[in-house]
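Each chain, written out:
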Amino acid sequence: ISISSDNKHLAFFTKDPNGYLLRIVDLESGKVTYPIKPIQFINTFSYASYYKHRRPDIPIIWLDSQTVAFIRTEVSKDKTVQIESDFPGEIKELPAAEHIFSVVNINTGKIEDITKLPGNPNSYIGPKLMQDNIEPGPLVYIEQDSLGAFRIDLKKRTTKPKETAP
């Protein structure tokens, strides 16, 4: 769940037979809207292995009072990948997939895909979204436990590894 910068809306995803629905709740009126069609999201291995009955926490963050950023998954219908399971020596074959950092205007429902995240979402602990409070401008950090962190400049539409402090 994420609250808008103007404290007027909540954004969160709920399970739907076709994927996950983005819900926007107007906190003053209580009205719930669904600005986009259901998205796909893969339970990363930490959720799938240890929390089978828990819904995934789809990373979501408000960029301004009208724009929500989130991570969705595009799953291949014909390609697979092999990953090591939680049990040493056991290999799982799963659909090839990519996590995609996307933004949506909650008023128009227009989705824009900004960048694909590196690696296969089946093989790492889930990404987290954070806004940059130090540098000015629309910057978002995507942190992935096993792949490090990436900085996305939404004005320039560039992605680069996040620099760490010495």
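First things first, this report covers the structure right here in the doc. (Residues numbered from 1 in each chain as written. Predicted model: local features only at pLDDT ≥ 70, side-chain atom pairs only at ≥ 80, totals over all residues. Heavy atoms only, no water.)

**Points about the sheet that holds strand β2 (residues 9-16)**
We count it as follows: Pairs of strands are assigned from DSSP output, requiring at least two bridges between the strands. Going along the chain from the N terminus, every DSSP run of H or I of four or more residues is numbered as a helix, and every run of E of two or more is numbered as a strand.
The sheet built from four strands is open, its strands ordered β1-β2-β3-β4 with antiparallel pairing. Here the strands that pair on one side only, and so sit at the sheet edges, are β1 (2-3) and β4 (32-33). Here β2 runs beside strand β3 (residues 19-26); their pairing, made up of eight bridges, is antiparallel. Bridge assignment links H9 to a residue of β3, and that residue is D26.

**What about the pattern of salt bridges?**
The following threshold applies: By convention in these notes, a salt bridge is any Lys or Arg side-chain nitrogen within 4 Å of a carboxyl oxygen on Asp or Glu. Note on exposure labels: buried denotes an accessible area under 20% of the residue type's maximum, exposed denotes more than 50%, and partly exposed covers the range between, all computed with a 1.4 Å probe on protein chains only.
Taken as a whole and judged by the stated rule, the model has three salt bridges. Here D113 and R72 are joined by a salt bridge, their closest N and O atoms 2.7 Å apart. Here R72 lies in strand β6 (residues 67-84) and D113 lies in strand β8 (residues 111-116), a separation of 41 residues in the sequence. D113 sits in the partly exposed class, given a relative accessible area of 39%. Measuring nitrogen to oxygen at the nearest pair gives 3.2 Å for the salt bridge that ties K116 to E98. Highlighted residues: K116 in strand β8 and E98 in strand β7 (residues 91-105), separated in sequence by 18 residues. Overall, the relative accessible area of 29% leaves E98 in the partly exposed class.

**Digging into the environment of I111**
Summarising the element assignment, I111 is placed in strand β8. We classify I111 as partly exposed; its relative accessible area is 35%. A C-alpha to C-alpha distance of 9.6 Å links I111 and V68, two positions 43 residues apart in sequence.

**Focus: the sheet that holds strand β5 (residues 60-62)**
Note the threshold: Fitted lines through C-alpha atoms give the axes, limited to the stretch in contact for helices. The angle between two N-to-C directions lies from 0 to 180 degrees.
Pairing within the open sheet is antiparallel, and its four strands lie in the order β5-β6-β7-β8. Pairing within the sheet leaves two strands with one partner each, and these edge strands are β5 and β8. The mean angle between the axes of side-by-side strands here comes to 30 degrees, regardless of whether they run parallel or antiparallel. Here β6 runs beside β7; their pairing, made up of 14 bridges, is antiparallel. Counted as the bridge partner of I83 is K92 from β7.

**Remarks on the pairing of β3**
In terms of burial, β3 is a largely internal element, six of the eight residues being buried. Across two bridges, the pairing between β3 and β4 is antiparallel. The partner of I24 across the bridge, within β4, is T33. The antiparallel hairpin formed by β3 and β4 contains five residues in its connecting segment, where G30 sits at a positive phi of about 80 degrees.

**Description of the nonpolar core**
Under the convention used in this document: For the purposes of this section, nonpolar cores are sets of buried Ala, Val, Leu, Ile, Met, Phe, Trp, Tyr and Cys residues that join through side-chain atoms within 4.5 Å. By definition, residues are in contact when any of their heavy atoms lie within 4.5 Å.
In this structure, F13, L22, V68 and F101 are the most contacted members of the largest nonpolar core, which totals 25 residues. Looking at this core, the elements that each hand over two or more residues are β2, β3, β5, β6 and β7. If one sorts the elements of this core by residue count, β6 sits on top with four residues. For L22, the residues in contact, after removing those within four places along its chain, are A11, F12, F13, T33, Y34, P35, I36, I60 and V104.

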